[in-house]
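A structural walkthrough
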Amino acid sequence: MRKPSRTAPFRKILIANRGEIALRIMRTARRLGYRVVAVYSDADQENLHVREADEAVRLGEALPAQSYLNIGAIVSAAKSSGADALHPGYGFLAENARLAEACRDAGLVFIGPSAEMIEAMGNKAGAKEIMRAAGVPCVPGYLGADQSETALLVEANRIGFPVMIKAVAGGGGRGMRLVSDASAFVDAVRGARSEAQSAFGDGAVILERAIVDPRHIEIQVFGDAFGNAIHLGERDCSVQRRHQKLIEEAPAPKVSAELRERMGSISVNAIRSIGYQGAGTLEFLLDRNGEFFFMEMNTRLQVEHPVTEAVTGLDLVELQLRVASGEPLGLKQEDVRFSGHAIEARLCSEDAANDFMPQSGCMKLWRKPEGLRVEHAMCSGSEIPPFYDSMIAKFVSFGTTRDEARRKLIHGLEETAAFGVTTNQSFLAACLRHPEFAEGDVTTSFIALNRAELLASPNDAGESAALAALLLHVSNPFAPPWKGGRTLGTTFPLPVRLELDHVVYDIELMREREGGYTARLKGTECSFEIVELSREAIRFRRDGLTESARFLRDGDHLYLLHRGITISARDLTLSRPASTPTIKSDGQIRAAMSGRVVAVLVRPGEGVAAGQPIVTLEAMKMEHVHSAPVSGVISAIDVTEGEQVKSGQLVIKIDVLSA
């Protein structure tokens, strides 16, 4: 007989997660008097969440399937450490009904809804039926059991293009495709199924009418075991890339008090009707006519919960712990008060200019800003592994007005030093500065429509290269001291060659009679007078303006934060000049990122055409398909499915067909 859910008070909580969310849960748990246990993979044994916990238990190897997705290992860790409750955080197993059931069977309190509720709401098709029965408006679509490509195409034509294909299980943008016409539909279905099967073990999909240029609005709800249910307002999560959120805020711009009340009431009535307990979020698409449609429900704490905490003054993790321990919420709807405005930006280790390609490696220098709430598990020297989500920190600002919160967040991002791994720091600031965002008039197509503008650097590339050349020179331990005032005369020009944003600059650097420096490049000159210099920062004067910049010299690499933009330069002065690249590819396919080989799509001896997909890699919740650059014959495959590869590693060779 299945054991009933445990509601007795608990004293020690195992946090079945990693990084910043593990630390955030620890903070509240300790304030309420609970001891905390961390779990970790081999890739995380030095992570901050492990060092900060009262106790820590190793789960297994680095891959999630061998660690953070291993239910047996997690439950065993809880039992061996004496924990009597488990908080799943978000991601990994947070919405896995089998984990909730395993906790119940082991006599552990699962800090979340019941296994049955997670299972019911985790299936997108089933969740829509439940919500529709509760009076929640849903997007027209197809939720049927017939998953054949023929049946799906018929239903797509009935719904009308454009349509959205969505994986039945999971979330986070995985297994999701927007299809504009019937000709691309079958290939899109196959791609969505493959991604969903790999991510969630379930390749089933549903279809929805695509709501053009909607806002993504979600309602935070809470329920308890006594039938109480409330909402804590809405969040706007419209700024997204690859259907994954980047910037969230509360309250939502352009959402009136009347619309907030209507969406909140419908959401509360829905969770009350199904007896929901714990934290949950109902996600909606809001069109330009003010009509909203249910998408899905998340049965867990959301990444963006801090913005709701900021405008309500409530601790959502505390509410989770109180409900899980059997206490009533202690709040009625009329007790919930909203004030001010909060915005959150997700700092991700990714290259926005290279299709948001995930990045891994060592964060050489980490300096977070003052005045913001920064959720992170970083320190200088932290290793960012390729196995997990690319989000490494969350920046949360609060102001009495939306524009105040926006200005604070831009300033905080511009003051952050994150050197060593490429991040989306500058891209986030560009989003926040954009006139459409400033007006609160963005939809889910914001990034797609404005991508080129958002990626454009406001800094002059030549001036940045000149400043990098100066810093490479003065930070060289063998360089003469920059102090000393006047010199006998202008020194001979020092040649400096460096690479910045994949462009090579040849610069002549000269020490002037008055003690300043002049950098000449491409027929222009940049003059600098150093005011102050330390190991990590420089103050200099240029054209009468005194500025500051932060930098880090790491061998032949220089990382520079100037005017809020982080750049990485490589000193090529003593390097052998690169050979002139050939126009034709040599047929060698190298991994574009560190990650796991999900699928090898070709066989040795097989002929391939240029542009044909040949291998799929996965890193940080993202799949990247490598295509053949040339037509030819597969001569060697140097990887196997499931293998972990490093960026730049040779994976497949193609014998190029002669013209």
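Refer to the structure presented above.
It should be emphasised that the depicted structure is a prediction, and the values quoted were computed from it without experimental measurement.

Each value, and the rule that gives it
- Residues numbered from 1 in each chain as written.
- Predicted model: local features only at pLDDT ≥ 70, side-chain atom pairs only at ≥ 80, totals over all residues.
- Heavy atoms only, no water.
- Helix = DSSP H or I, 4+ residues; strand = E, 2+ residues; numbered from the N terminus.
- Rg over C-alpha atoms; globule rule 2.2 N^0.38 Å.
- Buried < 20%, exposed > 50% of the residue type's maximum accessible area, 1.4 Å probe, protein only.
- Contact = heavy atoms within 4.5 Å.
- Areas by Shrake-Rupley, 256 points an atom, 1.4 Å probe, with all protein chains shown as cover.
- Lys, Arg positive; Asp, Glu negative; His and termini not counted.
- Charge placed at Lys NZ, Arg CZ, Asp CG, Glu CD.
- Expected span 1.5 Å × (residues − 1).
- Pairing = 2+ DSSP bridges.
- Axes fitted to C-alpha atoms, helices over the stretch in contact; angles between N-to-C directions.
- Parallel < 35°, antiparallel > 145°, perpendicular 65-115°, else oblique.
- Left-handed = near helix turned anticlockwise from the far one by under 90°.
- Core = buried A, V, L, I, M, F, W, Y, C linked by side-chain atoms within 4.5 Å.
- Salt bridge = Lys/Arg side-chain N within 4 Å of Asp/Glu carboxyl O.
- Polar contact = N/O pair within 3.5 Å; in protein donor to acceptor, adjacent residues only side chain to side chain.
- 1 Å grid on protein atoms, 1.4 Å probe; cavity = no way out; pocket = protein on both sides within 12 Å on 5 of 7 lines; lining within 4 Å.
- Points joined across faces, edges and corners; volume = space filled by probe spheres on them.
- Nonpolar A, V, L, I, M, F, W, Y, C, P; charged D, E, K, R; others polar.
- Phe/Tyr/Trp six-rings, centres within 6.5 Å; stacked < 30°, edge-to-face > 60°.

Focus on the overall build of the protein chain
Scanning the protein chain from N- to C-terminus turns up 16 helices and 39 strands. At 27 Å, the protein chain has a C-alpha radius of gyration in line with the 26 Å of a compact globule built from 659 residues. Its C-alpha atoms put the protein chain at 90 × 60 × 55 Å along the principal axes. Taken over 659 residues, the protein chain has a buried fraction of 54%. Taking the contacts inside the protein chain whose residues are at least 6 apart along the sequence as the reference set, 62% of them involve residues at least 24 apart. With the model as given, the accessible surface of the protein chain reaches about 28100 Å², and the carbon-plus-sulfur share is 50%. Side-chain charges of the protein chain comprise 75 positive and 84 negative groups, with the mean position of each set lying 3 Å from the other.

Some points on helix α12 (residues 402-415)
Taking 1.5 Å as the rise per residue, α12 with 14 residues should run 20 Å; its terminal C-alpha atoms sit 20 Å apart, in good agreement. Along α12, the residues that are buried comprise Arg402, Glu404, Ala405, Arg406, Leu409, Ile410, Gly412 and Leu413. Tucked inside the fold, the buried residues of α12 contact β12 (244-250), β15 (341-348), β22 (391-399), α13 (425-433) and α14 (435-438).

Focus: the sheet that holds strand β7 (residues 163-167)
Spatial strand order, β6-β9-β7-β8: 4 strands in an open sheet with antiparallel pairing. The sheet is open, and its two edges are formed by β6 (141-142) and β8 (176-179), each paired on a single side. As judged from the 2 bridges shared by β6 and strand β9 (residues 205-209), these two strands associate in the antiparallel manner. What sits directly across from tyrosine 142, in β9, is leucine 207.

What about the packing of helix α1 (residues 19-31) against helix α11 (residues 316-324)?
When two helices pack together, you describe them by how their axes are tilted relative to each other and by the distance separating the axes. Between α1 and α11, the least distance of the axes is 9 Å, while the angle of their chain directions is 60 degrees. In terms of orientation, α1 lies oblique with respect to α11. Read as a crossing pair, α1 and α11 show a hand that is right-handed. Contact residues: α1 offers Arg24, Ile25, Thr28, Ala29 and Arg31, while α11 offers Val317, Glu318 and Leu321.

Things to note about the nonpolar core
Counting residues in each nonpolar core, the largest one holds 70 residues, and the members touching the most others are Phe10, Ile13, Val239, Ile247, Trp366 and Phe395. Each residue touching tryptophan 366, except ones within four places of it in the same chain, is listed here: Leu347, Val374, His376, Met378, Cys379, Ser380, Ala393, Phe395, Thr416, Ala417 and Ala418. Counting 30 residues, the second-largest nonpolar core is a separate cluster that includes Leu521, Ile530, Phe551 and Leu560.

Side note on the pattern of salt bridges
Under the defined criterion, the tally for this structure stands at 55 salt bridges. Its salt-bridge partner being arginine 18, residue aspartate 44 comes within 2.6 Å of it at the nearest N-O pair. Within this pair, whereas aspartate 44 is found in the loop between β2 (35-41) and α2 (48-52), its partner arginine 18 is found in the loop between β1 (12-15) and α1, the two being separated by 26 residues in sequence. Assessed through its relative accessible area of 1%, aspartate 44 is described here as buried. The salt bridge involving arginine 542 is made with glutamate 463; its shortest N-O contact spans 3.3 Å. You can see arginine 542 sitting in strand β28 (residues 537-542) and its partner glutamate 463 sitting in helix α16 (residues 461-474), a full 79 residues away along the chain. Judged by relative accessible area, glutamate 463 falls into the buried class, the value being 12%. When salt bridges with common partners are traced through the structure, they connect Arg24, Arg27, Arg31, Glu309, Asp315, Glu318, Arg322, Glu327, Arg373 and Glu375 into a single cluster.

Overview of the pairing of strand β33 (residues 595-600)
Counting buried residues along β33, 5 of its 6 residues qualify, which places the element largely inside the surrounding structure. Pairing geometry for β33 and strand β38 (residues 644-645), over 2 bridges, is antiparallel. From the neighbouring strand, arginine 596 faces β38, where its bridge partner is glutamine 644. In this sheet, strand β35 (residues 613-619) lies alongside β33 in antiparallel orientation, the contact comprising 4 bridges. Residue pairing for β35: alanine 599 is matched across the bridge by threonine 616.

Quick look at α11
For an α-helix, 3.6 residues make a turn, and residues three or four places apart therefore share a direction. Counting buried positions along α11 gives 8 out of 9 residues, so the element sits mostly inside the fold. Where α11 starts, the residue carrying a side-chain oxygen 3.0 Å from the main-chain nitrogen of valine 317 turns out to be aspartate 315. Just downstream of α11, glycine 326 is the residue with a positive phi angle, here 95 degrees.

Details of empty space enclosed by the protein
The final tally for this structure, using the stated rule, is 2 cavities of 30 Å³ or more. Counted as a void, the largest cavity has a volume near 50 Å³. Lining of the largest cavity is provided by 13 residues; of these, Ile111, Gly112, Thr299, Arg300 and Gln320 occupy positions nearest its centre. Within the lining of the largest cavity, the residues separate by chemical class into 7 nonpolar, 5 polar and 1 charged. Counted as a void, the second largest cavity has a volume near 30 Å³. Of all elements in the fold, only β11 (229-241) and β12 reach the threshold of two or more residues within the lining of the second largest cavity. A class-by-class count of the residues in the lining of the second largest cavity yields 4 nonpolar, 1 polar and 3 charged.

Concerning the packing of aromatic side chains
Evaluation of the coordinates by the stated rule reveals 12 aromatic pairs. For the pair tyrosine 68 and tyrosine 388, a centre-to-centre distance of 5.4 Å together with 85 degrees between the ring planes defines the contact as edge-to-face. Here the residue tyrosine 68 occupies a position in the loop between β3 (55-60) and α3 (71-81), and tyrosine 388 occupies one in the loop between β21 (382-384) and β22, the gap between them amounting to 320 residues. Grouping residues by exposure puts tyrosine 68 and tyrosine 388 together as buried.

Quick notes on the pairing of β7
Among the 5 residues of β7, 5 are classified as buried, and the element is accordingly described as predominantly covered. Across 4 bridges, the pairing between β7 and β8 is antiparallel. Residue pairing in the sheet places methionine 164 in a bridge with leucine 178 of β8. In this sheet, β9 lies alongside β7 in antiparallel orientation, the contact comprising 5 bridges.

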